[in-house]
Amino acid sequence: MSTDSFREMKAMTGPAAEGQPARSGTNAQAPDGGTSPSAGTGTIQPAGRGKKPVRRKGLSERNRPLWMLIPGGLLMFVIIVLPLFLGIYMSALNLDQYSLRKWVSAPFIGVGNFVEALTDSPLLHSVWLSVSYSLIAMIVTLPLGIAAAVATQNRFKGRAVIRSIFLIPYVLPSFVVATVWRTMFQPNGVVDSALGTFGMDAGLWLNGPQTYWTLILVQIWASWPFIYLLALSGLQSVDHEVHEASALDGALWWNKLRYVIFPYLKGPLALAFLIGMLHHINNFTLPFVLFGVPAPADVEVLPILTYVTSFQSFRFGLSAAMAFVSLVLIAIPLFIYLCAVKLDDAETPGGKK
Amino acid sequence: MRFAPSAKLAAVIATAALALTACGGSSSSSESSGGAVDGAGKKLSVLTGVNSQYPEQQKEWFKDIAAKFKAKTGADVEFETFASANDELTRIQTSVVSGQGPDVYSLGTTFTPTAYATKAFVTLSDDDWKKVGGKDRFNQAALGISGPDSEHQAGIPFVSRPFVMAYNKDILAAAGIEKPATTWDELAEQAKKMTNASTGTFGLATGYKDNFDPWKFIWAMSVQAGNPLVDGDKLKMDDPTVKKAYETYFGWLTKDKVVDPAAIGWSNSNAVAAFASGKAGYLMMTTSSSVPTLDKSAIAGKYAYSIMPTTAPGETSPKGDGDKAASILSGDNVVVADYSQQKDLAFAYIELITSKDEQLNYQKIFGELPANADALASLTDPKLKPIADAAGKSKATPFTGAWGDIQLGLLNVTVQSIPELAKGAVDDAALEQRLKDAQAKGQASLDRASKS
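Everything quoted here is computed from the prediction, not taken from an experiment.

Q: Before we go on, may I ask you to explain the overall build of chain A in this structure?
A: Per the secondary structure count, chain A includes 13 helices and zero strands. For chain A, the succession of helices and strands along the chain, N to C, is α-α-α-α-α-α-α-α-α-α-α-α-α. Within the span of chain A, comprising 353 residues, buried residues form 39% of the whole. At a minimum sequence separation of 6, the contacts of chain A that also span at least 24 residues come to 71%.

Q: I tried to follow the sheet that holds strand E5 (residues 164-168) of chain B on my own but got confused; where do I start?
A: Strand pairing in a sheet is mediated by backbone hydrogen bonds. Such pairs are either parallel or antiparallel. Residues and elements named next belong to chain B. Strand order across the open sheet formed by four strands is E6-E9-E5-E10, with mixed pairing between neighbours. The sheet is open, and its two edges are formed by strand E6 (202-205) and strand E10 (303-306), each paired on a single side. Between one strand axis and the next, the sheet turns by 20° as a mean value, whatever way the strands run.

Q: Would you mind showing me how to read the packing of helix H6 (residues 174-185) of chain A against helix H8 (residues 211-236) of chain A here?
A: Any two packed helices are characterised by how steeply their axes cross, that is the angle between the axes, and by the distance between the axes. All names here are of chain A. Running from amino to carboxyl end, H6 crosses H8 at an angle of 135°, the nearest separation of the two axes being 11 Å. By the criterion of interaxial angle, the relationship of H6 to H8 is oblique. Relative to H8, H6 is oriented so that their crossing is right-handed. On the side of H6, the interface is formed by Val-177, Trp-181 and Phe-185, while H8 contributes Thr-214, Leu-217, Val-218, Trp-221 and Ala-222.

Q: Help me out: how do you make sense of the pattern of salt bridges in this one?
A: Any two side chains of opposite charge can pair, so long as their charged atoms come close to each other. Residue and element names in this part refer to chain B. For the structure on display, the rule yields 24 salt bridges over all chains. Between Lys-243 and Glu-432 there is a salt bridge, with the nearest N and O atoms lying 2.9 Å from each other. Of this pair, Lys-243 sits in helix H9 (residues 240-254) while Glu-432 sits in helix H17 (residues 428-451), and the two are 189 residues apart along the sequence. Taking relative accessible area as the criterion, Lys-243 reaches 16% and is therefore assigned buried. With relative accessibility at 42%, the residue Glu-432 sits in the partly exposed group. Here the residues in one salt-bridge network are Lys-243, Glu-247, Asp-428 and Glu-432, joined through shared partners.

Q: Teacher, can you tell me more about the nonpolar core here?
A: Burial of nonpolar side chains together is a common tendency in soluble globular proteins. Residues and elements named next belong to chain B. Ranked by internal contacts, the top residues of the largest apolar core, which has 83 residues, are Trp-252, Tyr-282 and Met-284. Per-element tally for this core: the top contributor is helix H16 (residues 403-423), with eight residues. Split by domain, the residues of this core number at least three in each of domain 1 (38-161 + 329-395) and domain 2 (164-327 + 400-451). Val-122, Val-334, Ala-346 and Tyr-362 belong to the second largest nonpolar core, which has 32 residues in total.

Q: Sorry, what's going on with the sheet that holds strand E2 (residues 76-82) of chain B here?
A: All names here are of chain B. Read from one edge to the other, the open sheet built from six strands follows the order E2-E1-E3-E12-E4-E13, with strand pairing classed as mixed. The two strands at the open ends of the sheet, each matched to only one other strand, are E2 and strand E13 (369-370). As judged from the two bridges shared by strand E1 (residues 43-49) and strand E3 (residues 104-108), these two strands associate in the parallel manner. Its bridge partner lying in E3, Val-46 is registered against Val-104. Contacts between helix H12 (residues 343-353) and the sheet are confined to E1, E2, E3, strand E4 (156-160) and strand E12 (331-336), with E12 contributing the most and set at about 155° to the helix.

Rules used in this analysis
- Residues numbered from 1 in each chain as written.
- Chains lettered and ligands numbered in written order.
- Predicted model: local features only at pLDDT ≥ 70, side-chain atom pairs only at ≥ 80, totals over all residues.
- Heavy atoms only, no water.
- Helix = DSSP H or I, 4+ residues; strand = E, 2+ residues; numbered from the N terminus.
- Buried < 20%, exposed > 50% of the residue type's maximum accessible area, 1.4 Å probe, protein only.
- Contact = heavy atoms within 4.5 Å.
- Pairing = 2+ DSSP bridges.
- Axes fitted to C-alpha atoms, helices over the stretch in contact; angles between N-to-C directions.
- Parallel < 35°, antiparallel > 145°, perpendicular 65-115°, else oblique.
- Left-handed = near helix turned anticlockwise from the far one by under 90°.
- Salt bridge = Lys/Arg side-chain N within 4 Å of Asp/Glu carboxyl O.
- Core = buried A, V, L, I, M, F, W, Y, C linked by side-chain atoms within 4.5 Å.
- Domains from an automatic or database assignment.

Okay, structure coming up:
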């Protein structure tokens, strides 16, 4: 799990970095200088200096050896861009086990796969499941993670131990987490007998409608330390003086937390929300190990559906189309979100922390 | 210490260079001579499933076979293993697309039609068959899933793994049952006699959450009722025989109550464990690979195998070739990759591993039945007798690239019915709807198969 998140974080730098020059570009061409309040003060130009306002290049932008980006750019192209386009091309082919061998010459069917994916497959249902389950898990983990971070902020005896214990679910491999939970959720298993002592009959955990909540529960257990970790890092960035100042002003703990500390957490938590959502939506291991394939209809989330289409039904073209549709569906809110929070780099002044 | 990084880098480069030259060396000379295969200096690459039950023995076997192969042809053989069918599929896909990879693959029988559909493997000519020792050396029943017909066969049988049932002699005797059931109705009757919920003893042990067992029951009962499931290019999953099969299979749990209610969460291994603890009369859908587990358990010496019923539920005698459908035709096939540059060497390897001696040796180590006819006939262990019988009474699942989808559909009906099974009754209308969905999906898959 941890490696996954890191990979996503790395992938994140892609769009963020691309967004940067584009934004400063619009500022330069805007006739009355930078209007966006969040744009760096360094790029604001005095208005009306001829038709073409010449943007003074920042110190860090002069004589940039851009060619040094070539190796990295090449790698990005080979590892990210090329497979993406191959995937898009595949989604337009009627590619299955019969045409796999000479896949380049597989029959071209245009949007046929997309039509089938949207109208004649459980894709939309899966999208709904994926997004809703991710969101619910996220909304529950957020307060949990923040509370844990706040609770371990002040020094007390055994804090290091507690902090380490909090991280256990995060460092356990997803596979292990899912296997352990699956064992506990067996009919007449540990969970059932524990609930049984209170006279409760919970029903089936690994089959039927309740599986949706099982998945959410396990996801919450496995992923709240991630929020905790980022909230903690946010808390660490609060200067000592801020605590002192608010204390001098007589702020009690809730007011201090609400109006002084939480604003500091906004950036890290926004990032945590984004990465967490992406991670949940892409999580294959957890549902796969918990429920197996074919999955109960109530937990046929996107990665499971794509997997089954590809590797059980061997409809590679259709599954590429599904993957692409889900990519677009996820990319839209992601794009809006990225624009809204403006994850800035260290050099741009005025960026939100 | 300051030199460490560069030293490490140098080491990495050196190893990489070595590895590269090693690869280059092995792939260079590749002329093949007729007659006896001279493979001096060549290397054959074989991909086979990892044996999680006997990992050490498998490594020994690899070494042993490699030495014998070297003595026979002068060539080396390199084994690679995959952990699951999905691993294997990924390997096949990349190899198929890139045209390079292992020379010889080991495939499960039900996966053979899918692999055949990719056309990436050699369809054996008469000449090729001679090179692997002739078609006659194999148990003829085992050839049933080597290809779509006897002229077009790609899979060479390596081991048989027919499905049988095991029974607890003591529990059967205590219930006054003289011999194991031969019809599914009789089986249910006997199971009822043996079930005693107060002591936790149940007539049957089987896992409803297993990834394979459910569809095998449905297939067997349908075939025995005269419905081959796939008839030409028509899928017959909406047939009443299929529904009857599901009702019988679910009925053990809901109506007859001869299965532990916890079995809705069981896989096959849970069922084996229940049987091994002496809590069940019959263990359904098992293979000879359960011998080592059972021999170490509480019921060692108290159990025996028998072929599963061949008379469909509600019938008095097998219909059609139902008596030949005691089990799906199960086991492993080996196939030779079409892109391989050293096919003769590959055939020589297969000739070696399917020879009588090697097959018997393999049986002794791993408990799998030989596909070699002589070797199969020479088995004397009475415990294995019914299993060998079942190997002769195995029927191939329909040979179509769509089978994977159909199998998934059959299994999915069970998966989606489990919540209702837990409640004690499967709704008739819901079952019919599920069958209808599976029929539609499977038929679409068959249509694609017949088009290409």
